[in-house]
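Chain by chain, the residues:
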Amino acid sequence: MKKKVIGLIDGQSGNIGSINKAIKDIIKGRPYQLKIIKSHFNYTSFDKIILPGQGAYATLMSNLKKLKIIQPLKKYLQNNSSYLGICVGMQILSDWGYEDKTTRGLGIISGDIKKFRNKKLIIPHMGWNTINLNKDDTIIANSFDKKDFYFVHSYIFQNIKKSDVLAFTLYGKKFPSIVKKGNIYGVQFHPEKSHKHGLNLIKNYILKS
Amino acid sequence: MLKTRIIPCLDVIKNKVVKGVNFKNIRVMGNAVEMAKYYSLSGADELCMLDINASYQNRKTFIKTVESIAKVINIPLTVGGGVSDLSDITDLLNAGADKVSINSAAVKNPKLIRQASLRHGSQCIVVAIDGKRYKNKMKVVIKGGREITKNELITWAKQVQYLGAGEILMTSMDTDGVQNGFDSNMLKKVTSSVGIPVIASGGVGSLEHFYLGYLTKSTGLLAASVFHSRKYKIKTVKKYLSSKGVPVRL
């Protein structure tokens, strides 16, 4: 049987060690192989792509540009291929990011990434918070509803279509904590740091669909 | 709703968790990797580990310990102790730390905070502040409280936020190690002066102390002895806090 190929993009935006380890543990003994993407790649040769990201939107976009990853990634996403973006890896799916400087995103899910506006809030939003599912999903099933995940971010998805928001979280107000369009998923939290529910989410993403 | 984080802290020499920072009465509490794994499984929201004897000889083993711990836990890991420059920060992040905590080096060279947060992002730069009352003022101290700096505590806390710290790990040297409770007064002054998360540290001895720590608006509560000595399990603390209406991850 042909092995499914999972790509893990190293956008040099934080350490990919935890997510790498999590994926390896999940696919052990299963018909999958993991490839780290560090440069231009053939987008037709991957079944799933995961992009973790920390730090700033502009930095990740410029790193991906330097590594010549943007073009194949855009084509991959425009084909509605399976993708999981984590934190900034989710944020760059938007049209524009407003962190540090205004930066054009991948433009896959319409909306902008802007700072939490409430001045009374402690920023970054750091720690464990609950996700509330708007609807059931094949990958992010009902069993994840009302579970806690680890967040650390100061910017959120805004001006997004309601239909693209799979889950929201409360911090001052509601913000999208999981976005989804077709086979493209983005999570604002860090599943690789979110203990068992986080690992289950990664597992579901890899094994289901 | 955002949960209050319960954070066990491991004071580490090489690969052993120890108790007693005054280098005289060091007692080994256990193996760092095993203890980290245990805390991650038993409900810790985050883990903090500090190299309390960051000598050249011990550093290599310590970094290896960080690597081993990062491999066996899946909660955030903050690492500090002996961080003096940007390359130390990079080394720890590469070893698997999610956040790096800077203390004395930040006091000596505040620009380090800005450089580190620009390079790696504010979210992974924690500034540890040790505070102590001196001549009716709250001052910043270094070297485990033995050296009082010219920095006034609140001014320094605001400055580290301005320079790009993502979080403050606030230890009161007036209450640390005594197990009579957090320094509520000092913590409240800090949390009301900054807009970034503050972790309360120093002095926990009872369940009620955790609750009083929560009331200071600190979003993380750090403790060492009460966990290492098995006086309380993390679940016990969380259940207690939950019964008092504190949002925690159960």
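Everything that follows concerns the structure shown earlier in this document.
Residues numbered from 1 in each chain as written. Chains lettered and ligands numbered in written order. Predicted model: local features only at pLDDT ≥ 70, side-chain atom pairs only at ≥ 80, totals over all residues. Heavy atoms only, no water.

### A look at the overall build of chain B
A tally of regular secondary structure across chain B gives ten helices and twelve strands. Here the C-alpha atoms of chain B give a radius of gyration of 17 Å, agreeing with the 18 Å that 2.2 N^0.38 yields for 250 residues. Considering only C-alpha atoms, chain B reaches an extent of 40 × 40 × 40 Å along its principal axes. Counting all 250 residues of chain B, 59% fall into the buried class. In chain B, of all internal contacts separated by at least 6 residues, the share reaching a separation of at least 24 is 65%. Within the structure as shown, chain B displays about 10700 Å² of accessible surface, and the carbon and sulfur contribution to it stands at 51%. Computed over 37 positive and 18 negative side-chain charges, the separation of the two mean positions in chain B equals 3 Å. (Helix = DSSP H or I, 4+ residues; strand = E, 2+ residues; numbered from the N terminus. Rg over C-alpha atoms; globule rule 2.2 N^0.38 Å. Buried < 20%, exposed > 50% of the residue type's maximum accessible area, 1.4 Å probe, protein only. Contact = heavy atoms within 4.5 Å. Areas by Shrake-Rupley, 256 points an atom, 1.4 Å probe, with all protein chains shown as cover. Lys, Arg positive; Asp, Glu negative; His and termini not counted. Charge placed at Lys NZ, Arg CZ, Asp CG, Glu CD.)

### A look at the interface of chain B and chain A
Each partner contributes residues to the interface: chain B has 26 residues there, and chain A has 24 residues. Taken together, the two surfaces of chain B and chain A that pack against each other cover about 2100 Å², and 55% of this comes from carbon and sulfur. In terms of surface lost to chain A, no three residues of chain B exceed L2, N74 and Q123 of chain B, which account for 30% of the buried area on that side. Counting every contact that joins chain B to chain A gives two salt bridges. The partner of D98 of chain B in a salt bridge is K193 of chain A, with the nearest N and O atoms 3.0 Å apart. Counting every contact that joins chain B to chain A gives eleven residue pairs in polar contact (both at pLDDT 80 or more). Contributions of two or more residues to the side of chain B that touches chain A are made by α1 (32-41) and α3 (86-95) of chain B. (Buried area = accessible area lost by both parts, 1.4 Å probe. Salt bridge = Lys/Arg side-chain N within 4 Å of Asp/Glu carboxyl O. Polar contact = N/O pair within 3.5 Å; in protein donor to acceptor, adjacent residues only side chain to side chain.)

### Thoughts on the environment of D145 of chain A
Residues and elements named next belong to chain A. Relative to the helices and strands, D145 is located in the loop between β9 (132-133) and β10 (148-153). Judged by its relative accessible area of 22%, D145 falls in the partly exposed class. Counting along the chain gives 25 residues from D145 to K120, while the straight-line C-alpha distance between them is 27 Å. Within the structure, the side chain of D145 is placed 2.8 Å from the backbone nitrogen of L133, a separation counted as a polar contact.

### Points about the pairing of strand β1 (residues 4-9) of chain A
Residue and element names in this part refer to chain A. Within β1, five of the six residues are buried, which leaves the element mostly enclosed by the surrounding structure. Note: β1 against strand β2 (residues 32-37), six bridges, orientation parallel. Counterpart to K4 in the pairing with β2 is Y32. In the classification by handedness, the crossover that spans β1, the intervening helix α1 (residues 17-27) and the parallel β2 is right-handed. Pairing analysis gives three bridges linking β1 to strand β3 (residues 48-53), with the strands arranged parallel. Considered in β3, the bridge of G7 is made with I49. (Pairing = 2+ DSSP bridges. Right-handed = clockwise from strand over helix to strand, strands pointing away.)

### Re unusual backbone geometry
A cis geometry characterises the amide bond from I123 of chain A onward to P124 of chain A, with omega recorded as 0°. Along the polypeptide, P124 of chain A turns up in the loop between β7 (112-115) and β8 (125-130). Residues other than glycine seldom take positive phi values, yet K68 of chain A does so here, at roughly 60°. Relative to the assigned elements, K68 of chain A resides in the loop between α2 (57-66) and α3 (70-78). Residue K68 of chain A is classed as exposed on the basis of its relative accessible area of 57%. Phi angles above zero are rare outside glycine, and K143 of chain B is one such case at about 55°. Note that K143 of chain B resides in the loop between β8 (137-142) and β9 (147-152). Judged by relative accessible area, K143 of chain B falls into the partly exposed class, the value being 45%.

### A look at the packing of aromatic side chains
If you walk through the whole model with that rule in mind, you get 13 aromatic pairs over all chains. Plain terms: the ring middles of Y185 of chain A and Y205 of chain A are 6.4 Å apart, the flat faces sit at 70° to each other, and that makes the pair edge-to-face. With Y185 of chain A in strand β14 (residues 184-187) and Y205 of chain A in helix α5 (residues 195-207), this residue pair connects regions lying 20 residues apart in the sequence. Given a relative accessible area of 1%, Y205 of chain A falls into the buried group. One aromatic cluster in this structure is built from F116, F144, F149, F151, Y171, F175 and F189 of chain A. Between R114 of chain B and the ring centre of Y162 of chain B, over which it is positioned, the NZ or CZ distance is 5.3 Å. (Phe/Tyr/Trp six-rings, centres within 6.5 Å; stacked < 30°, edge-to-face > 60°. Lys NZ or Arg CZ within 6 Å of the ring centre and 35° of its normal.)

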